[in-house]
Every structure is written in C-alpha cells, then in structure tokens.
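Residues per chain are reported as follows:
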Amino acid sequence: MKPGRKPDPFTAKAQKQGFPARSVFKLEEIDRRCQLLRPGMRVMDLGAAPGSWSRYIAQRVGPKGHVFALDLNPLKVGSPQIEFEQLDLFEAPLDYLAAKGPFDLVVSDIAPHTTGVREADAASSELLVERCLDVADACLAPGGSFVAKIFVGAGFEAVRARMRGAFETVRVLKPEASRKESVEIFLVGLRRKAPAPTSGPTGAA
C-alpha cells in the first residue's frame, strides 16, 4: 500500500472473513443480483486460484453441492465440496472437462497477464472468455448459467452476441468491489438454451 493511501475496505473485509482476495465480494454481489447459487448445485470455477470464489461457492452450495476448480496455480483454500485440478485452461481437453459435469453454473474471474496496452489486454481477455464459453458449451446443463470477467474492447460485442445466442438472458454488471479505474466488467448468461434438435435424414426408406 502506498504511503497516505487509505486501506481498501474490501481487502480488509476479505481478510477478516478468511478469504484470500477481495474478489469474493464481486461474486457475492453478482450472486445476490442474479440469484445464481442455491444448495446442492454443481459449479465449475475456471481460473479459481487463489480460491476466494471457490470457497464462497462451496459455502453457498452446501454439503450436497460440488465445486470443480481449475487453475494453473494451487488454491489457498480447502473444503470437502471443492475438487481442484492444476490444469491449463487452453490445454485441458473439452471432453475431459465435460466428463466432470454436467454443471449448473460455470464461473470465471480469469484475467490475462496485462501489458498496459488497453486494446491488447482487452483482446487477451476476450480470448479467455471465448475459451470459457467453449468449456461451458461442453459442460453446462440446459438451464444453467455462466459468469465471466471481461475487459471491454473491440471484441466485446461479439462475445456478448455469442452469449445471447446461448442464454435466454445476458446481463452486464460492474460490481461495487471492482476498482473504479478498472475496465473489467462481468457478463452473466442466465438459463442456457437447450440445443436445437438435429433432424435426421429424410426421404423414403
């Protein structure tokens, strides 16, 4: 913390409650506003380290729920409901991840390694969200929901359009715990649409 800067109230609150990072309060607000989590749900947490979101989700889904967490880095939290695998999101096979499901909710608080070049960082963020959507396509049950952090850039509308094709409702939220100077926002897809039925071959037998 720089000299003279006031303590971040969200960081202090997270530490007091035993969460590794202030980001937990972003998910808490999204959950409250969108009514995402309920007891017994199965949830996939992409880019889960250090573990604040996974711990919050585990508390909300309760002993009959399950959290599958994935990250390149180890978690700093533990819970009987949390199953963790140390994997690269881009290298993990979709069929392997699909076998872990289906899930009622897929969430991602992943951010790219930033360069300070706004459009380049936004493009990297958009690629991450696209990969998370690929995972959701493979793992999310019909009627399930999706949450992902994204940096707003030139490709934002294309990502939102993809989500509108997949979910009944798409919301854009900037939680209070997001830093005001940050370009991050959260895309929330509610109630995944059932896949369109595929028609078989036609004609006389």
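Now for a description of the structure that goes with this document. Here, residues in each chain are numbered from 1, in the same order as that chain's written sequence. For this predicted model, a pLDDT threshold of at least 70 governs which residues receive local features, and a threshold of 80 or more governs which side-chain atom pairs are given and counted, while totals over whole chains, interfaces and linings are taken from all residues. To obtain the side-chain values, all non-hydrogen atoms of the structure were used and water was disregarded.

Side note on the overall build of the protein chain
Condition: Counting from the N terminus, the helices are DSSP H or I runs at least four residues long and the strands are E runs at least two residues long. Burial classes: relative accessible area under 20% of the type maximum marks a residue as buried, over 50% as exposed, and values in between as partly exposed (1.4 Å probe, protein chains only). The Shrake-Rupley method, run with a 1.4 Å probe, gives the accessible areas here. Residue values count only the displayed protein chains as cover.
Each helix and strand counted, the protein chain has six helices and seven strands in total. Secondary structure of the protein chain in N-to-C order comes out as α-α-β-α-β-β-α-β-α-β-α-β-β. Buried positions account for 48% of the 205 residues belonging to the protein chain. Of the accessible surface of the protein chain, which amounts to about 10,900 Å², a share of 53% is contributed by carbon and sulfur atoms.

Things to note about the nonpolar core
Where we set the bar: Buried Ala, Val, Leu, Ile, Met, Phe, Trp, Tyr and Cys residues form a nonpolar core when they are joined through side-chain atoms within 4.5 Å. Note on contacts: a residue pair is in contact if any heavy atoms of the two residues lie within 4.5 Å.
Membership of the largest hydrophobic core comes to 29 residues, with the highest contact counts inside it found for M44, L46, L97, F146 and F167. A total of seven residues in this core trace back to one element, the largest contributor, which is helix α5 (residues 118–139). The residues touching L46, leaving out its near neighbours within four places in the chain, are L70, L89, V106, V107, S108, D109, I110, C132 and V135. Counting 28 residues, the second largest nonpolar core, distinct from the first, contains C34, A48, V147 and A177.

Details of unusual backbone geometry
In this model, A49 is joined to P50 through a cis peptide bond whose omega is 5°. Mapped onto the secondary structure, P50 falls in the loop between β1 (42–46) and α3 (52–61). With omega at 0°, the peptide bond leading from G101 into P102 counts as cis. Within the chain, Q35 stands out as a residue other than glycine whose phi angle is a positive 55°. Examined against the element boundaries, Q35 turns out to sit in the loop between α2 (24–34) and β1. Relative accessible area serves as the criterion here: at 70%, Q35 is assigned to the exposed category. Residues other than glycine seldom take positive phi values, yet R191 does so here, at roughly 65°. Looking at the secondary structure, you find R191 in strand β7 (residues 184–192). When its relative accessible area of 37% is taken as the criterion, R191 is described as partly exposed.

Some thoughts on the sheet that holds strand β3 (residues 82–86)
Filter applied, for reference: By the convention used here, strands pair only if DSSP detects at least 2 bridges between them. Orientation is described by lines fitted to C-alpha atoms, with helices fitted over the stretch in contact, and by angles between N-to-C directions that extend from 0 to 180 degrees.
One open sheet accounts for seven strands, arranged β3-β2-β1-β4-β5-β7-β6; its pairing is mixed. The open sheet has two free edges, formed respectively by β3 and β6 (167–173), since each of these has just one partner strand. Taking the axes of each pair of neighbouring strands and ignoring which way they run, one obtains an average angle of 15° across the sheet. When strand β5 (residues 140–151) meets β7, the two strands line up antiparallel, connected through six bridges. What sits directly across from F146, in β7, is G189. Strands in contact with α2 are β5, β6 and β7; relative to β7, the strand with the most contacts, it is inclined by about 40°. Relative to strand β2 (residues 66–71), α3 is tilted by about 170°, and along the sheet it contacts β1, β2, β3, β4 (103–108), β5 and β7.

So, α5
Applicable threshold: Multiply 1.5 Å by the residue count of a helix minus one, and that product is the helix's expected span.
Helix length check: α5, at 22 residues, gives a terminal C-alpha distance of 31 Å against a target of 32 Å (1.5 Å per residue), a fit within 8%. For α5, every residue scored as buried is listed here: D121, A122, S125, E126, L128, V129, R131, C132, L133, V135, A136 and C139.

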